[in-house]
Amino acid sequence: MKRLLLQFDSSPHPSSFDQVVAYDGGADRLLSYANVTEATVRDLVHGAIFTRGPKDLHNTAIFIGGTDMAAGERLLAAVQKTMFGPMRVSVLLDSNGSNTTAVAAVVKLQQAAGDVTGKRVVVTAGTGPVGIRAAGLLARAGADVVITSRKAMDAATLDQLQSRFGGSISNVVMPDSSKAAEALEGAQLLLNCGPAGVLLVPQDAWANRQGLIAAADLNAVPPLGIEGIEVTDNGAQRDGVIVFGALGVGGLKMKIHKACIAKLFERNDLLLDAETIAEVAGEISATK
Amino acid sequence: MKRLLLQFDSSPHPSSFDQVVAYDGGADRLLSYANVTEATVRDLVHGAIFTRGPKDLHNTAIFIGGTDMAAGERLLAAVQKTMFGPMRVSVLLDSNGSNTTAVAAVVKLQQAAGDVTGKRVVVTAGTGPVGIRAAGLLARAGADVVITSRKAMDAATLDQLQSRFGGSISNVVMPDSSKAAEALEGAQLLLNCGPAGVLLVPQDAWANRQGLIAAADLNAVPPLGIEGIEVTDNGAQRDGVIVFGALGVGGLKMKIHKACIAKLFERNDLLLDAETIAEVAGEISATK
Amino acid sequence: MKRLLLQFDSSPHPSSFDQVVAYDGGADRLLSYANVTEATVRDLVHGAIFTRGPKDLHNTAIFIGGTDMAAGERLLAAVQKTMFGPMRVSVLLDSNGSNTTAVAAVVKLQQAAGDVTGKRVVVTAGTGPVGIRAAGLLARAGADVVITSRKAMDAATLDQLQSRFGGSISNVVMPDSSKAAEALEGAQLLLNCGPAGVLLVPQDAWANRQGLIAAADLNAVPPLGIEGIEVTDNGAQRDGVIVFGALGVGGLKMKIHKACIAKLFERNDLLLDAETIAEVAGEISATK
């Protein structure tokens, strides 16, 4: 019986990136749908859960993607609402690669720092899908997390984040790179989630900074977000800090993404979102 | 050479249900198209018939689906008009699963009743794609078929049905469930094709009814269409009648659907519509 | 690792013709996209080049198709602009089958005529994608090529053609079939690229014409373009001329198309456009 992966993509084309990784992760066949909305997802889920008996349903799974993570979250909610009792299949949410990227970045920082409990982590420009999830996972692991943003985050978002992941998460406003040094006050770990091609942390703000153990930058498009880090850095020492560039993180992200695809077909009731993807990443590290 | 199934779907997403069954039925690869219309089907058929030599064309086939059976019938006509001489591939029409569901329901009633020749069958709310086909197949098998409907069927539809399937088919108006007992006058078999979640035949209209041998209900959403039948009933005795619920019929429907997919690849000139799908169902029963 | 072919199609449905040939040519899985534009192609290319390491990228490739060759050329330019350094995959451009058809027609005429150097070739109605490419390839092989058209070609188009393919290419106006004999003055080879169902070259214009060696007609819909040639002719002698009909050319076109698909997966930096497809066709002939 073939392992079928239904790709629910909210964008006009299904992501070719997600398709290639799905095949490399072990899906036998892909059933891809573009422009998927909450209104159209129900029939697609019915086709997944009503075609094979419960004992075979682990051979069918759903991947939710697209460029818009908020749309992906709405699709996930609609998918979960449609499945019931044993009539369910495993689901992976990774719109825009946000979940697997966030988990990979967190793993890299944890490997560099050892236990993050009580350590101060600054996530610059951390209000997007990757930053939010990375911040949450780090807080959940015991870190004291600060998210920087151009404008103050609203309290509801912070509350929601706190209640989902637990731990300690706060927000400081950092309007531009001139305030980076100030925002890094007391930082032991630094993760930049700023937009492509925007330098957010000048070299003099982080290089040889007292107490700073590691820094990771997810911006792959020059100018990079943390000045002085190379895009291919993967645990190098620079100016007294262990550093990771976007491609250094990206290699692990790909491994996690593929491992998650493989996991989907082990049972029919797995939900792979940020927290559970982090567990899969932990298993990968443990077996190496 | 891979067995390729082209899925022509009239709906905005290709049916995931049909896709999963296509793979489980033995198609190696699916070429799925959504929003297929009479205007766009010609080029798609050309791609099917002009790419492999006549002796290899049994490895290519077409499945016509979508939620709208009338659209499916128009697509089938357009497909048949495009193919010619030996330049043709086998085709299965099963929009919304109507053909395979109708055939499965008919098989169940036939197995319960033995020969249906001369037996009176009442098909409640039988003017939709499933009801029309089930009524036609039962008439063709020799039954005396009555279709109930809220408003009188027009004569042209009845004539068309009669000329396609032969046998005896008549119509009685049954505006609501209060007239069910009356409509069941003399019934030996009962098949409910009413809409999801609508109770059409109250228990006192059918339970222990003199002469009634079997009853099948295709409504899977509570309240079910025939009060007192369970959705999973599959030949159980209830109140003196052999009964089938929607899931009881659905199991056979899936087997028929898969067998039809497999059949498509045995030759390049098969047309699987209601009557020929009934023959495939007969072969399945014969080999069990 | 599966050989993945991304199909970028500019039309509302991905071409089923191209899909069947892709599978028969050796692609393991197809990732098909319809309505692909220059604006949407970048993300699709990124998914192709950023998911596998450079040493595995020969297992991923891109096919550009659709009914509109000009759109295909724009897509090819956009694809090439997006790939960089070792981050690239092989690409085949064959919108509407124009490239493989042109190459197949040229090969047929070359096989009939031997060396075409200095030979006068008339390409009737040769301003469409097939005609332009066939004319260019013949000029490149040394022939003295004349393209006929209803209205005079503009100088820029001729210049562009000349600079791409080299050799000698000129244009004569042939408003209708009554001027065919005149246009064929001195012709040693004749290729008709006129529209389906239009007779362009009457039999008395070519039959037993002094010096005419071979003639090929790409119109498959009666009335054919060169009167007296049968659609299945494949090197037959008629009226002193070696002749090829559309299906005679079509068989070789299919072989070339499939061979090109197979070629795509041998390396990750192949660009298969008219000239390089002609080389692939040459390799096929050499091994037979």
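Rules used in this analysis
Residues numbered from 1 in each chain as written. Chains lettered and ligands numbered in written order. Predicted model: local features only at pLDDT ≥ 70, side-chain atom pairs only at ≥ 80, totals over all residues. Heavy atoms only, no water. Salt bridge = Lys/Arg side-chain N within 4 Å of Asp/Glu carboxyl O. Core = buried A, V, L, I, M, F, W, Y, C linked by side-chain atoms within 4.5 Å. Buried < 20%, exposed > 50% of the residue type's maximum accessible area, 1.4 Å probe, protein only. Helix = DSSP H or I, 4+ residues; strand = E, 2+ residues; numbered from the N terminus. Contact = heavy atoms within 4.5 Å. Buried area = accessible area lost by both parts, 1.4 Å probe. Polar contact = N/O pair within 3.5 Å; in protein donor to acceptor, adjacent residues only side chain to side chain. Nonpolar A, V, L, I, M, F, W, Y, C, P; charged D, E, K, R; others polar. Least-squares fit on C-alpha atoms with pLDDT ≥ 70 in both. Pairing = 2+ DSSP bridges. Axes fitted to C-alpha atoms, helices over the stretch in contact; angles between N-to-C directions. Phe/Tyr/Trp six-rings, centres within 6.5 Å; stacked < 30°, edge-to-face > 60°. Expected span 1.5 Å × (residues − 1). Parallel < 35°, antiparallel > 145°, perpendicular 65-115°, else oblique. Left-handed = near helix turned anticlockwise from the far one by under 90°. Right-handed = clockwise from strand over helix to strand, strands pointing away.

## As for the pattern of salt bridges
Residues and elements named next belong to chain A.
- Scanning the model with the defined rule gives 39 salt bridges over all chains in all.
- Ionic pairing is found between K55 and D56, a salt bridge with its closest N-O pair at 3.8 Å.
- For K263, the salt bridge is made with E266, and the minimal N-O distance between the two is 3.4 Å.
- Through salt bridges with shared partners, a single network forms among R164, D273 and E275.

## Let's talk about the nonpolar core
- The biggest cluster of nonpolar side chains holds 82 residues, and the ones touching the most others in it are L5, V145, L191 and I256 of chain A together with F8, I62 and V79 of chain C.
- Considering each element in turn, this core owes the most residues, 9 residues, to helix 4 (residues 98-113) of chain A.
- Residues within four places of V79 of chain C in sequence aside, it is in contact with F8, V41, V45, I62, I64 and V91 of chain C.
- V103, V121, L138 and I261 of chain B belong to the second largest nonpolar core, which has 81 residues in total.

## What to know about the side chain of T51 of chain C
- Within the element layout of this structure, T51 of chain C appears in the loop between helix 2 (38-49) and strand 3 (60-65).
- Sequence-distant contacts of T51 of chain C, defined by excluding residues within four places in its chain, comprise F17, V20, V21 and M254 of chain A.

## Focus: the interface of chain C and chain A
- Taken together, the 18 residues of chain C in the interface contact 13 residues of chain A.
- With both sides pooled, the region where chain C packs onto chain A buries about 1300 Å², and carbon together with sulfur makes up 61% of that total.
- Between R52 of chain C and D24 of chain A there is a salt bridge, and its shortest N-O distance comes to 2.7 Å.
- For the pair chain C and chain A, the interface holds 5 residue pairs in polar contact (both at pLDDT 80 or more).
- For the side of chain C that touches chain A, the element with the highest residue contribution is helix 2 of chain C, accounting for 5 residues.
- Of the residues assigned to the side of chain C that touches chain A, the class counts are 10 nonpolar, 4 polar and 4 charged.

## So, the relation of the copies chain C and chain A
- Relative to chain A, chain C is turned by 120° and slid 0.1 Å along the rotation axis, the superposed coordinates differing by an RMSD of 0.0 Å. In symmetry terms, the pair is related by a three-fold rotation axis. If distances are taken from each C-alpha of chain C to the rotation axis, the shortest is found for R29 of chain C, at 4.8 Å.
- In this assembly, only 6% of the residues forming the interface of chain C have copies in chain A that are likewise at the interface, indicating a heterologous arrangement.

## Comments concerning the sheet that holds strand 8 (residues 189-192) of chain C
All names here are of chain C.
- The sheet built from 7 strands is open, its strands ordered 7-6-5-8-9-11-10 with mixed pairing. The sheet is open, and its two edges are formed by strand 7 (168-173) and strand 10 (234-238), each paired on a single side. On average, each strand axis in the sheet is inclined to that of its neighbour by 20°, with strand direction left out of account.
- Where strand 5 (residues 120-124) and strand 8 come together, 4 bridges link them in parallel fashion. Along strand 8, the bridge assignment pairs V122 with L190.
- Most of the contacts of helix 4 (residues 98-113) go to strand 8, to which it runs at about 160°, and overall it touches strand 8, strand 9 (214-217), strand 10 and strand 11 (241-244).

## Examining helix 1 (residues 16-25) of chain C
Residues and elements named next belong to chain C.
- With respect to burial, helix 1 is a largely interior element, 8 of its 10 residues being buried.
- Residues of helix 1 that are buried: S16, D18, Q19, V20, V21, A22, Y23 and G25.
- One side-chain oxygen of the residue at the start of helix 1 lies 3.3 Å from the amide nitrogen of F17, identifying that residue as S15.
- One or two positions beyond helix 1, positive phi appears at G26, with a value near 120°.

## A few points about the interface of chain B and chain A
- Each partner contributes residues to the interface: chain B has 13 residues there, and chain A has 18 residues.
- Summing both sides of the interface, chain B and chain A together bury roughly 1300 Å²; the carbon and sulfur share of this comes to 61%.
- For the chain B face of the interface with chain A, the top three residues by lost area are H13, V20 and Y23 of chain B, together amounting to 45%.
- At the boundary of chain B and chain A, one finds 1 salt bridge.
- Applying the counting rule to chain B against chain A returns 5 residue pairs in polar contact (both at pLDDT 80 or more).
- Considering each element in turn, the side of chain B that touches chain A owes the most residues, 7 residues, to helix 1 (residues 16-25) of chain B.
- In the side of chain B that touches chain A, the residues fall into 7 nonpolar, 3 polar and 3 charged.

## Observations regarding the packing of aromatic side chains
- This structure, assessed with the given rule, holds 6 aromatic pairs over all chains.
- Ring geometry for F50 of chain A and F84 of chain A: centres 6.2 Å apart, planes at 55°, overall tilted. Residue F50 of chain A is located in the loop between helix 2 (38-49) and strand 3 (60-65), and its partner F84 of chain A is located in the loop between helix 3 (69-82) and strand 4 (90-93); the two are separated by 34 residues in the primary sequence.
- The partly exposed category is assigned to F50 of chain A, whose relative accessible area is 37%.
- Overall, F84 of chain A belongs to the partly exposed group, its relative accessible area being 42%.
- Consider the rings of F8 of chain B and Y33 of chain B, whose centres lie 6.0 Å apart with planes at 55°: the pair is tilted.

## Describing helix 5 (residues 129-140) of chain B
Residue and element names in this part refer to chain B.
- Here helix 5 is 12 residues long and its end C-alpha atoms lie 16 Å apart, about the 16 Å a rise of 1.5 Å per residue gives.
- Here helix 5 lies mainly inside the structure; 10 of its 12 residues are buried.
- Taken together, the buried positions of helix 5 are occupied by V130, G131, I132, R133, A134, A135, G136, L137, L138 and A139.

## A closer look at the side chain of E275 of chain A
All names here are of chain A.
- Positionally, E275 belongs in helix 10 (residues 274-286).
- Given a relative accessible area of 15%, E275 falls into the buried group.
- Polar contacts involving the side chain of E275 include one to the side chain of R164, which spans 2.8 Å.
- What E275 contacts, discounting residues up to four positions off in sequence, is L137, R140, R164 and F165.

## Observations regarding unusual backbone geometry
- Of note, the amide linkage connecting P222 of chain B to P223 of chain B takes the cis form, showing an omega dihedral of -5°.
- Within the fold, P223 of chain B resides in the loop between strand 9 (214-217) and strand 10 (234-238).
- In this structure, N96 of chain B is a non-glycine residue whose phi angle is positive, near 60°.
- Tracing the sequence through the fold places N96 of chain B in the loop between strand 4 (90-93) and helix 4 (98-113).
- When its relative accessible area of 53% is taken as the criterion, N96 of chain B is described as exposed.
- In this structure, D239 of chain C takes a positive phi of about 50° despite not being glycine.
- Mapped onto the fold, D239 of chain C is located in the loop between strand 10 and strand 11.
- Look at D239 of chain C and you get partly exposed, because its relative accessible area is 31%.

## Regarding the packing of helix 4 of chain C against helix 9 (residues 246-264) of chain C
Residue and element names in this part refer to chain C.
- The contact between helix 4 and helix 9 brings their axes to 8 Å, and the two run at 120°. Judged by the angle between their axes, helix 4 and helix 9 are oblique. Regarding helix 4 and helix 9, the two cross each other, and that crossing is right-handed. Contacts between helix 4 and helix 9 involve T100, T101, V103, A104, A105, V107 and K108 from the first element and G248, V249, L252, K253, I256 and H257 from the second.
- Looking at the contact of helix 4 with helix 9 residue by residue, the class counts come to 7 nonpolar, 4 polar and 2 charged.

## Looking at the pairing of strand 1 (residues 4-9) of chain B
All names here are of chain B.
- The element strand 1 is extensively covered by neighbouring structure, given that 6 of its 6 residues are classed as buried.
- As defined by bridge partners, strand 1 adjoins strand 2 (residues 29-33) across 5 bridges and the pair is classed as parallel. Paired with F8 across the two strands is Y33, which belongs to strand 2.
- Remark: the strand 1/helix 1/strand 2 crossover connection has right-handed handedness.
- Here strand 1 runs beside strand 3 (residues 60-65); their pairing, made up of 6 bridges, is parallel. Paired with L6 across the bridge in strand 3 is I62.

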